[in-house]
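Reading the structure
The chain contents come next:
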Amino acid sequence: MSRWLLFSFAVGKGAAAWCWLVTGAPGLAWIFFFGADLLVLYHVFVPGAQGLLRVVTRFQTQEREVWLTIDDGPDLHDTPRILAALAQHEAYATFFLIGEKASRHPELVHAITEAGHEIGHHTNTHPVGSFWCAGPRRLAREFDMAMAAYSSAMGKGTVRCFRAPVGIKNLWLGRALRLRRLTCVHWSVRSWDSTARSPDDVADRVMSRVGPGTIILCHEGGRLHPAVRVHAVTEILKRLHEQGYRCVLPSAEQMRPSIRS
Ligand SMILES: [Zn+2]
């Protein structure tokens, strides 16, 4: 947790105690008391909020370059097709893989890295509903089991980025990432492909917000509508190419904190 967030939390709780005990204003005391909690919850649940740890939401570039990221794979149906589409456009992407799926399909993990793309950490079980309240031990299991699955299957490269399930963070996350030298990378543009029914709608949404240094969030796998699966990524790649954008893997330098978010 950043110092200013910890300080704000402590001030809120202190003000609540002061209102309750000294001024005899219980209404104000409740506001300060729960206001401090809400402030912390905001930084846990809002994907781009920076109070708990530094979250990369853009990268630095002067060129027409974007960072395409694809979550929730690997997937036997989607991953090979997405790899083919990326190759067709000479584009590179980061695949934020779920550890359990990666251990079931090591050949896909290998194929991703062999093609020059990057593996990102996306937890072992993708615990959307409970990641925010997981304790340090469970968090360590999520990290280390997934990392073991990636490491045994990767052909080359290292895992340097982490993305929390649906972007919801955890009070212990900053420490867990520091220990493993991982950077938390979320996104600038959410494609909402998980809920869409048309690849054109997804591509329209993405392209209306894209610019140099944009991080685009897409997904793969059976949770997507059949009309959107793979086709949305293909359509985005086609339009990015038409508009002169390249899909690149940014360096650590380009992810520095000075980026605007
Ligand atoms: Zn996910």
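Quick notes on the rules
Residues numbered from 1 in each chain as written. Predicted model: local features only at pLDDT ≥ 70, side-chain atom pairs only at ≥ 80, totals over all residues. Heavy atoms only, no water. Axes fitted to C-alpha atoms, helices over the stretch in contact; angles between N-to-C directions. Helix = DSSP H or I, 4+ residues; strand = E, 2+ residues; numbered from the N terminus. Parallel < 35°, antiparallel > 145°, perpendicular 65-115°, else oblique. Left-handed = near helix turned anticlockwise from the far one by under 90°. Contact = heavy atoms within 4.5 Å. Donors = N, O, S within 2.8 Å, 3.2 Å for Na, K, Ca; no water. Buried < 20%, exposed > 50% of the residue type's maximum accessible area, 1.4 Å probe, protein only. Arc of directions from axis to C-beta. Polar contact = N/O pair within 3.5 Å; in protein donor to acceptor, adjacent residues only side chain to side chain. Domains from an automatic or database assignment. Buried area = accessible area lost by both parts, 1.4 Å probe. Salt bridge = Lys/Arg side-chain N within 4 Å of Asp/Glu carboxyl O. Nonpolar A, V, L, I, M, F, W, Y, C, P; charged D, E, K, R; others polar.

**Side note on the packing of helix α1 (residues 3–23) against helix α2 (residues 26–45)**
It is the contact of α1 with α2, at a shortest axis distance of 7 Å, that shows an interaxial angle of 165°. Judged by the angle between their axes, α1 and α2 are roughly antiparallel. For the pair α1 and α2, the crossing hand works out as left-handed. Facing α1, whose interface residues are Trp4, Leu5, Ser8, Phe9, Gly12, Lys13, Ala15, Ala16, Cys19 and Trp20, α2 presents Pro26, Leu28, Ala29, Trp30, Phe32, Phe33, Ala36, Asp37, Leu39, Val40 and His43.

**Focus: the coordination of the zinc ion**
Reference geometry at the metal: tetrahedral coordination by four donors gives ideal angles of 109.5 degrees; octahedral coordination by six donors gives 90 or 180 degrees. Bound to the zinc ion are the protein donor atoms Asp72 (OD), His122 (NE2) and His126 (NE2), situated 2.0 to 2.1 Å from the metal. If you list the donors of the zinc ion from N- to C-terminus, the spacing comes out as D-x49-H-x3-H. Here the residue aspartate 72 occupies a position in strand β2 (residues 65–73), and histidine 126 occupies one in the loop between β4 (118–121) and α6 (136–153), the gap between them amounting to 54 residues. Exposure remark for aspartate 72: the relative accessible area of 5% places this residue in the buried category.

**Focus on helix α8 (residues 199–207)**
Among the residues making up α8, those that are buried are Pro199, Val202, Ala203, Val206 and Met207. Looking down the long axis of α8, one finds its buried residues gathered within 120° of arc, a one-sided arrangement. Structurally, α8 contributes buried residues whose contacts are with β7 (189–190), β8 (214–219) and α9 (231–242). Between a side-chain oxygen at the N-terminus of α8 and the backbone nitrogen of aspartate 200 the separation is 3.2 Å; the capping residue is serine 198.

**Some words on the domain arrangement of the protein**
What the domain assignment lists for the protein is domain 1 (3–45) and domain 2 (55–255). Relative placement of domain 1 and domain 2: their C-alpha centres are 37 Å apart. Regarding the contact of domain 1 and domain 2, the summed buried area is about 420 Å², with carbon and sulfur atoms giving 69% of it. If you sort the residues of domain 1 by the area they bury against domain 2, His43, Val44 and Phe45 come out on top, with a joint share of 86%. At the boundary of domain 1 and domain 2, one finds zero salt bridges. Summed over the shared surface of domain 1 and domain 2, the result is two residue pairs in polar contact (both at pLDDT 80 or more). In terms of residue class, the side of domain 1 that touches domain 2 is made up of three nonpolar, one polar and no charged.

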